[in-house]
Amino acid sequence: MKRGKHYFVADAHLGPTLQDFRSREKDFADWLDSIAPDAAALYLLGDIFDFWWEYKHVVPKGYVRVLGRLAQLADAGVAIHFFKGNHDQWTFGYLEKEIGMQVHDRPFVVQIGNARFCMGHGDKTVSAGAGHRLLSKMFSSRLLQRCFSMIHPRWGLGLGHAWSARHRMSPTWTDSYEEAVASLCRFAAAFPHPVDYLVFGHLHTPTDLTLPNQARLLVLGAWRSYMQYAVFDVQDEAFSVHTHVINIK
C-alpha cells in the first residue's frame, strides 16, 4: 500500500501510574499498528506521555509497547514528529537516538502536498496565567533540570507523576475553555505566514473552526478521552477527523 497519509494525534497521557494504563497503552499501540501500512508521517502533538523524564542511564517504566511500535514505524520510513507538551517536555535525546523521532520545542509550519500546516501542542499559543508562566520558566531552567536529574529515579519519577496528576486534574493554563479557544484564534489571526490548517492539542476538548481568513483551526480531542485523530491524505487532499474503534478480540 502506498504511503501517502499524514496522521495527527494528541494528549494520550500514557503513564504507568494511571488507572487502566495497560489497556490504554494497548489501544494506542493497536492504533499505531492500524496506520502502519499507509502512513507517510505521524505528528504526535504533545502530552503523549502523562509524565516523561529522561535519566542518562534509566528508561522510565512502562511505554514498552508504544515505543516499540514507534520504532518500527520509524524503521519503516515513517517520519515521526514529536512535539513537546507541558507534561512530556523533558526529552534529552533518547527519543531521537533510540526511536528515530524528530523532536520539536515549538509550533512549526510544514508543507504537506499542496497544503500548509501550522501545528504544535498548543500550550505555547494559549494565554497562560502567572502561575503557569512561572512553572514553564522553572521547568525549562537547565539548572533546575540538572538538580532534578540528581534525584534517584524512584523518587524523581514518583514526584513527577504526582505533579502530573495534580496538574491534569486542575488545569491552570487559562481561565476557561472559551478563553483558550479565543487565544488560539488570536494566535492564528496574527500568524505571519498564510496556512490552510492549524492543528493543536492541549485543550482536550475537540474544536473545529473555520477562521475569517478561511484557514481551518482544529484542536484534537484528547486521545485518553475521545480516541480522536486526524488524517491528511496527500493524494486527494482531504483532511478528516476520526475516532479509533477498539478491536475487541
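As a starting point, this report considers the structure included with it. (Residues numbered from 1 in each chain as written. Predicted model: local features only at pLDDT ≥ 70, side-chain atom pairs only at ≥ 80, totals over all residues. Heavy atoms only, no water.)

**As for the overall build of the protein**
No. 1: Counting its regular elements, the protein contains 8 helices and 11 strands.
No. 2: Put simply, the protein has 249 residues, and 50% of those count as buried.
No. 3: The contacts of the protein with a sequence gap of at least 6 include a subset with a gap of at least 24, amounting to 69%.
No. 4: Of the accessible surface of the protein, which amounts to about 12400 Å², a share of 54% is contributed by carbon and sulfur atoms. (Helix = DSSP H or I, 4+ residues; strand = E, 2+ residues; numbered from the N terminus. Buried < 20%, exposed > 50% of the residue type's maximum accessible area, 1.4 Å probe, protein only. Contact = heavy atoms within 4.5 Å. Areas by Shrake-Rupley, 256 points an atom, 1.4 Å probe, with all protein chains shown as cover.)

**Focus: the nonpolar core**
No. 1: In terms of nonpolar packing, the biggest core is built from 32 residues, with Phe 28, Trp 31, Leu 42 and Leu 44 touching the most fellow members.
No. 2: Tallying contributions element by element places helix α2 (residues 64-75) first for this core, with 6 residues.
No. 3: For Trp 31, the residues in contact, after removing those within four places along its chain, are Tyr 7, Val 9, Leu 42, Trp 223, Tyr 229 and His 244.
No. 4: In terms of nonpolar packing, the next biggest core, distinct from the first, is built from 17 residues, Phe 83, Val 199, Leu 218 and Phe 232 among them. (Core = buried A, V, L, I, M, F, W, Y, C linked by side-chain atoms within 4.5 Å.)

**Side note on the environment of Gln 72**
No. 1: Within the fold, Gln 72 resides in helix α2.
No. 2: As for Gln 72 and Ile 99, which are separated by 27 residues in sequence, their C-alpha atoms are 8.4 Å apart.

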